[in-house]
Amino acid sequence: MPTPLNISQALEELTAALGPNAVFAEADVPLRNRNDYSGLLPTQPLAMLRPADTKGVSDALRICHAHGLSVVPQGGLTGLVGGARAEAHEIALSLERLVGIEEIDSDAATLTAWAGTPLETVQQAALDAGYFCPLDLGARGSCAIGGNLSTNAGGNRVIRYGMAREMVLGLEVVLADGTVITSLNKMIKNNAGFDLKHLFIGSEGTLGIITRVVLKLFPKPGSTMVAMCAAPDYATVLKLLSSARASLGPLLSAFEVMWPDYWQFATTQAPGVRNPFAGDDTAYAAYVLIEAQGTDPEADAPRFEQWLGGLLEDGTLPNAAVAQSLSGEKAFWGVRDACGELHQFWPRHLAFDIGLPVTRMDEYARRFKQQLGDLVPGCKSVFYGHIGDSNVHIVTHLDGVAEQPKDAVEQIVYGLVREYGGTVSAEHGIGTIKRRWLGHARSPEQIALMQTLKAALDPKNILNPGKVI
Ligand SMILES: Cc1cc2nc3c(=O)[nH]c(=O)nc-3n(C[C@H](O)[C@H](O)[C@H](O)COP(=O)(O)OP(=O)(O)OC[C@H]3O[C@@H](n4cnc5c(N)ncnc54)[C@H](O)[C@@H]3O)c2cc1C
């Protein structure tokens, strides 16, 4: 643990290196930098640093490394697992001044951005250049591209484009001791030795601080089709997924499933949400939002409607609706995005982001609800998620208690995850909140190798210590 003497000396050196407006000590640390979106209690870190460029990040790490001070990288602070939350003895390092698009290379179809750039800015810059950045999530206006890569974010279009990792060509990273590794590669093919960028993507700021990124850009979609489908049973959901993959091929861009408990909440309680099946009182087993995006506006929509019409005609689907306008598409997505309103009705709820074999999800949901009813009577739960990506979200809430039954619910969620060979985090990461459950999804050998890599890159354990492993 650093002594007060080396803390004050380190702060002096940091101020000299970064400038006075880049170092905020203790009570001056802005409120915003005291927490992330995890719902944990805020802290008061030792200091908050806001370097202006890669050299500033390197200087900051070199000084903190020399004094043995722990550093917690912060992007947009929308992370849900406590990964960007600095403890009282740690220093927060915000990337908020490393913002902007450095270059769009239209020939190579790449975009180079500073790590603190909000995702929405990256998306808009790609669109303005006639391209498309497919990474998309609800926090797009606040999260930063460096944070997205550090968490290997998923989001809405993983089924088509993959996780954030698959959109990255190059990175610039600062290691724990301040060493800068610049590899702003734009080539799709580059097999010269280890592909080191993958160490830093998804490692939640424990191995290095990302300062710049090179992203692959994609053709701008020329057509978007969105349908909401009702399924009488889970077998139909699986049949629909296979059929969508086979018939829509690479056009399939989202396959989102909502269980009846979630649907009931979204269509009857969430503000501003319209029920696409208003007037149909049948209680279906599942509701599926399907999105397809193509480049041929003339041919894509008729092909989509013909495919869906066939499934209605042959009786596979009892009900389905295709959005006829942009506002219709938004209304369908509004049902799926109503999860963002759950906190209004279930304050301090528990939220889970698990991955499961797609064929076992409904069985998991039924067994989960049975165990929850037995062990935590009265606890409610809803299921929804990116099923096409093997990712389901669960939110639980027990009314009228000061503290949610976190331990009991986690035992059920993760106990079943282990039994089904799933993962404790499909997209949000581990942070501190899920660290105790990592062993339910990774073997002792895998965790030992993660620790070996951590020790090799950060032998003094100053980069985001206590997170992930
Ligand atoms: C409304 C809402 C919707 C969301 N939807 C999704 C979703 O659909 N899919 C999904 O995957 N996530 C989702 N999230 C979670 C969150 O938005 C993502 O994890 C996001 O990628 C975090 O980015 P950030 O910039 O806010 O990172 P932060 O919260 O600031 O940090 C996240 C982690 O990355 C580290 N870090 C941040 N920047 C850097 C850097 N430059 N270098 C090294 N490490 C760094 C931090 O130390 C921390 O461990 C959602 C969150 C909210 C609030």
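Our subject is the structure listed above.
Residues numbered from 1 in each chain as written. Predicted model: local features only at pLDDT ≥ 70, side-chain atom pairs only at ≥ 80, totals over all residues. Heavy atoms only, no water.

### Observations concerning the pairing of strand β13 (residues 252-258)
Thinking step 1. Most of β13 is tucked away: 7 of the 7 residues are buried.
Thinking step 2. Of the pairings in the sheet, the one linking β13 to strand β17 (residues 380-385) comprises 2 bridges and is antiparallel in character. Each bridged residue has a counterpart across the sheet, and for V257 the counterpart in β17 is G385. (Buried < 20%, exposed > 50% of the residue type's maximum accessible area, 1.4 Å probe, protein only. Helix = DSSP H or I, 4+ residues; strand = E, 2+ residues; numbered from the N terminus. Pairing = 2+ DSSP bridges.)

### With respect to the side chain of H440
Thinking step 1. Relative to the assigned elements, H440 resides in the loop between α13 (406-419) and α14 (444-457).
Thinking step 2. Given the relative accessible area of 17%, H440 is considered buried.
Thinking step 3. Residues within four places of H440 in sequence aside, it is in contact with Y414, G415, R418, G422 and V424. (Contact = heavy atoms within 4.5 Å.)

### Re helix α10 (residues 326-337)
Thinking step 1. Over its 12 residues, α10 extends 16 Å from the first C-alpha to the last, a length consistent with the 16 Å expected when each residue adds 1.5 Å.
Thinking step 2. Listed in full, the buried residues belonging to α10 are G328, E329, A331, F332, W333, V335 and R336. (Expected span 1.5 Å × (residues − 1).)

### Description of the site of the ligand
Thinking step 1. Taken together, 34 residues lie around the ligand, and P73, G75, G76, T78 and G79 are the ones closest in.
Thinking step 2. Between the ligand and G75 there is a distance of 2.7 Å, counted from an oxygen atom to a backbone nitrogen or oxygen.
Thinking step 3. The contact in question runs from a nitrogen atom of the ligand to an N or O atom on the backbone of G155, over 3.4 Å.
Thinking step 4. Of all the secondary structure elements, the ones that give two or more residues to the shell around the ligand are β3 (71-74), α4 (145-150) and β10 (209-216).
Thinking step 5. Of the residues forming the shell around the ligand, the biggest block, 4 residues, is contributed by α4.
Thinking step 6. A class-by-class count of the residues in the shell around the ligand yields 14 nonpolar, 18 polar and 2 charged.
Thinking step 7. Two domains each provide a minimum of three residues to the shell around the ligand, namely domain 1 (4-97) and domain 2 (101-219). (Near = heavy atom within 4 Å. Polar contact = N/O pair within 3.5 Å; in protein donor to acceptor, adjacent residues only side chain to side chain. Nonpolar A, V, L, I, M, F, W, Y, C, P; charged D, E, K, R; others polar. Domains from an automatic or database assignment.)

### Focus: the pairing of strand β4 (residues 91-94)
Thinking step 1. Burial along β4 is two-sided: I91 and L93 facing one way and A92 and S94 facing the other are all buried.
Thinking step 2. By the bridge criterion, 4 bridges tie β3 to β4 in an arrangement that is parallel. Residue pairing across strands places Q74 opposite S94, the latter belonging to β4.

### Overview of the sheet that holds strand β12 (residues 223-231)
Thinking step 1. With antiparallel pairing, the 7 strands of this open sheet are ordered in space as β15-β12-β14-β13-β17-β18-β16. Strand pairing shows two members of the sheet lacking a second neighbour, β15 (319-322) and β16 (350-355), which therefore form its edges. Direction aside, the axes of adjacent strands within the sheet are offset by 15° on average.
Thinking step 2. Packing of helix α9 (residues 297-313) onto the sheet brings it into contact with β12, β14 (286-294) and β15, and relative to β12 it is tilted by some 10°. (Axes fitted to C-alpha atoms, helices over the stretch in contact; angles between N-to-C directions.)

### A short note on the packing of aromatic side chains
Thinking step 1. The tally for this structure, following the rule as stated, stands at 18 aromatic pairs.
Thinking step 2. Both rings, one in F277 and one in Y287, keep their centres 6.3 Å apart while their planes meet at 35°; by these two values the pair is tilted. Highlighted residues: F277 in the loop between α8 (260-268) and β14 and Y287 in strand β14, separated in sequence by 10 residues.
Thinking step 3. With relative accessibility at 4%, the residue F277 sits in the buried group.
Thinking step 4. Joined through ring pairs, the aromatic side chains of Y234, W259, Y364, F368, F383 and Y420 make up one cluster.
Thinking step 5. Geometry around W114 places R212 over its ring, the cationic atom sitting 5.1 Å from the centre. (Phe/Tyr/Trp six-rings, centres within 6.5 Å; stacked < 30°, edge-to-face > 60°. Lys NZ or Arg CZ within 6 Å of the ring centre and 35° of its normal.)

### Description of the nonpolar core
Thinking step 1. The biggest cluster of nonpolar side chains holds 59 residues, and the ones touching the most others in it are L14, L49, L135 and L171.
Thinking step 2. A domain split of this core shows at least three residues from each of domain 1 (4-97) and domain 2 (101-219).
Thinking step 3. Excluding its chain neighbours within four sequence positions, the residues that come into contact with L14 are G19, V23, L49, A60, I63, C64 and I91.
Thinking step 4. W259, L372, I387 and I394 belong to the second-largest nonpolar core, a separate cluster that totals 54 residues. (Core = buried A, V, L, I, M, F, W, Y, C linked by side-chain atoms within 4.5 Å.)

### Focus on the sheet that holds strand β1 (residues 23-25)
Working definition: the strands of a sheet are paired by backbone hydrogen bonds and lie parallel or antiparallel to each other.
Thinking step 1. Judged by pairing direction, the sheet is mixed, and its 4 strands sit side by side in the order β1-β2-β4-β3 without closing on themselves. The open sheet has two edge strands, β1 and β3, and neither has a second partner. When strand polarity is set aside, the average angle formed by the axes of neighbouring strands in this sheet is 20°.
Thinking step 2. Here β1 runs beside strand β2 (residues 47-49); their pairing, made up of 3 bridges, is antiparallel. When the bridges of β2 are listed, F24 appears paired with M48.

### Notes on the side chain of S203
Thinking step 1. Its place among the elements puts S203 in the loop between α6 (197-200) and β10.
Thinking step 2. At 3.2 Å, the side chain of S203 forms a polar contact with the backbone oxygen of F200.
Thinking step 3. Apart from residues no more than four positions distant in its own chain, S203 is found in contact with S150 and V468.

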